[in-house]
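# Fold and contact review
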Amino acid sequence: MPSSVEKKTASIEAIIFDVDGVLTSGAIIYGPDGEWKIFNVQDGHGFKMAARAGLKLGVLTGRSSPVVDRRMKELGVEFYEQGAMNKGEALPRLLKKMGVNAERACYVGDDVIDLPAMRLAGLSVAVANAVEEVKAAANLVTQKKGGEGAAREVIERVLKARGLWDGVMKRYTEDAE
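Residues numbered from 1 in each chain as written. Predicted model: local features only at pLDDT ≥ 70, side-chain atom pairs only at ≥ 80, totals over all residues. Heavy atoms only, no water.

Here strand S1 (residues 14-17) shows a buried face lined by Ala14 and Ile16 and a second buried face lined by Ile15 and Phe17. Pairing of S1 with strand S4 (residues 56-60) involves 4 bridges; the strand directions are parallel. Of the residues in S4, the one forming a bridge with phenylalanine 17 is valine 59. (Buried < 20%, exposed > 50% of the residue type's maximum accessible area, 1.4 Å probe, protein only. Helix = DSSP H or I, 4+ residues; strand = E, 2+ residues; numbered from the N terminus. Pairing = 2+ DSSP bridges.)

This is the structure in structure tokens:
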């Protein structure tokens, strides 16, 4: 019999990610032309696989950066909000735009600013490098750290729980005719 976390995971229609500390390691580099961030390419490919499988993806970040705009455009993420200092207010706005009920949304965070959104989401996930308060509030804690494949880990878990993984993998495992 599936656990309640497995049932929640299987019902997820949208995954919302924080950026700093989740899609990145949390390090911020300031260069002469502004802020730089390092994103994980496997996380990015996970975004593409999730989108092809019909999952909706979004991002809520407390900071604002042109780098995030660029990365979201590259990944085809339509639903994101920067400067979201109150994520408990921002998550419902974002989910309304996405057409997804909070119970069918997963929120992935790492720091206390993420707690209000985590409480609203049907499934809350903390990355391995999250602060203790976030780990304690989460339904799941990833094995991987933010910026090191944690987003991909969450995406794969949801795709597998929903029975979509094999269909996603056909693109990579079947011989092209």
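Continuing now.
At a minimum axis separation of 9 Å, helix H2 (residues 41-52) and helix H3 (residues 66-75) run at an interaxial angle of 50°. Here H3 runs oblique to H2, going by the angle between their axes. Counting all contacts with H2, which are made through Val41, Gly44, Phe47 and Lys48, the residues of H3 involved are Arg71, Glu74 and Leu75. Grouping the amino acids of the contact of H2 with H3 by side-chain chemistry returns 3 nonpolar, 1 polar and 3 charged. (Axes fitted to C-alpha atoms, helices over the stretch in contact; angles between N-to-C directions. Parallel < 35°, antiparallel > 145°, perpendicular 65-115°, else oblique. Contact = heavy atoms within 4.5 Å. Nonpolar A, V, L, I, M, F, W, Y, C, P; charged D, E, K, R; others polar.)

Further remarks concern H2. For H2, spanning 12 residues, the distance from its first C-alpha to its last is 17 Å, which sits close to the expected 16 Å at 1.5 Å a residue. Contacts from the buried residues of H2 go to S1, S4, H3, helix H7 (150-161) and helix H8 (165-173). One side-chain oxygen at the N-terminal end of H2 lies 2.7 Å from the backbone nitrogen of glutamine 42; it belongs to asparagine 40. (Expected span 1.5 Å × (residues − 1). Polar contact = N/O pair within 3.5 Å; in protein donor to acceptor, adjacent residues only side chain to side chain.)

A few words now on the packing of aromatic side chains. What the rule picks out here adds up to 1 aromatic pair. Considering the side-chain rings of phenylalanine 17 and phenylalanine 47, the 5.1 Å spacing of their centres and the 35° angle between planes classify their relative orientation as tilted. Taken together, the residues span a long stretch of sequence, with phenylalanine 17 in strand S1 and phenylalanine 47 in helix H2 at a distance of 30 residues. Of the two residues, phenylalanine 17 and phenylalanine 47, neither departs from the other in class, the shared state being buried. (Phe/Tyr/Trp six-rings, centres within 6.5 Å; stacked < 30°, edge-to-face > 60°.)

Over the atoms, a rolled probe matching the size of one water molecule traces out where space is still vacant. Tallied over the full model, the rule gives 1 cavity of 30 Å³ or more. Estimates place the volume of the largest cavity at around 40 Å³. Forming the boundary of the largest cavity are Leu23, Phe39, Asn40, Asp43, Gly44, Phe47, Arg71 and Leu75. Elements with a minimum of two residues in the lining of the largest cavity: H2 and H3. In terms of residue class, the lining of the largest cavity is made up of 4 nonpolar, 2 polar and 2 charged. (1 Å grid on protein atoms, 1.4 Å probe; cavity = no way out; pocket = protein on both sides within 12 Å on 5 of 7 lines; lining within 4 Å. Points joined across faces, edges and corners; volume = space filled by probe spheres on them.)

All chains considered together, the criterion is met by 13 salt bridges. Here glutamate 74 makes a salt bridge to arginine 71, at a shortest N to O gap of 3.1 Å. Taken together, the residues span about one helical turn, with glutamate 74 and arginine 71 both in helix H3 at a distance of 3 residues. Since its relative accessible area comes to 40%, glutamate 74 is described here as partly exposed. We classify arginine 71 as buried; its relative accessible area is 15%. Of the charged contacts in the structure, one is a salt bridge between glutamate 81 and arginine 93, with a shortest N-O distance of 2.5 Å. With glutamate 81 in strand S5 (residues 79-81) and arginine 93 in helix H4 (residues 87-98), this residue pair connects regions lying 12 residues apart in the sequence. The exposure class of glutamate 81 is buried, given its relative accessible area of 17%. Taking the relative accessible area as the measure of exposure, arginine 93 reaches 40% and is therefore partly exposed. (Salt bridge = Lys/Arg side-chain N within 4 Å of Asp/Glu carboxyl O.)

This part takes up the environment of aspartate 18. Of note, aspartate 18 is situated in the loop between S1 and strand S2 (29-31). Classification of aspartate 18 by relative accessible area gives buried; the value is 4%. Counting along the chain gives 64 residues from aspartate 18 to glutamine 82, while the straight-line C-alpha distance between them is 9.8 Å. Leave out the neighbours within four places in its chain, and aspartate 18 touches Leu23, Leu60, Thr61, Lys87, Tyr107, Val108, Gly109, Asp110 and Asp114. At 2.9 Å, the side chain of aspartate 18 forms a polar contact with the side chain of lysine 87.

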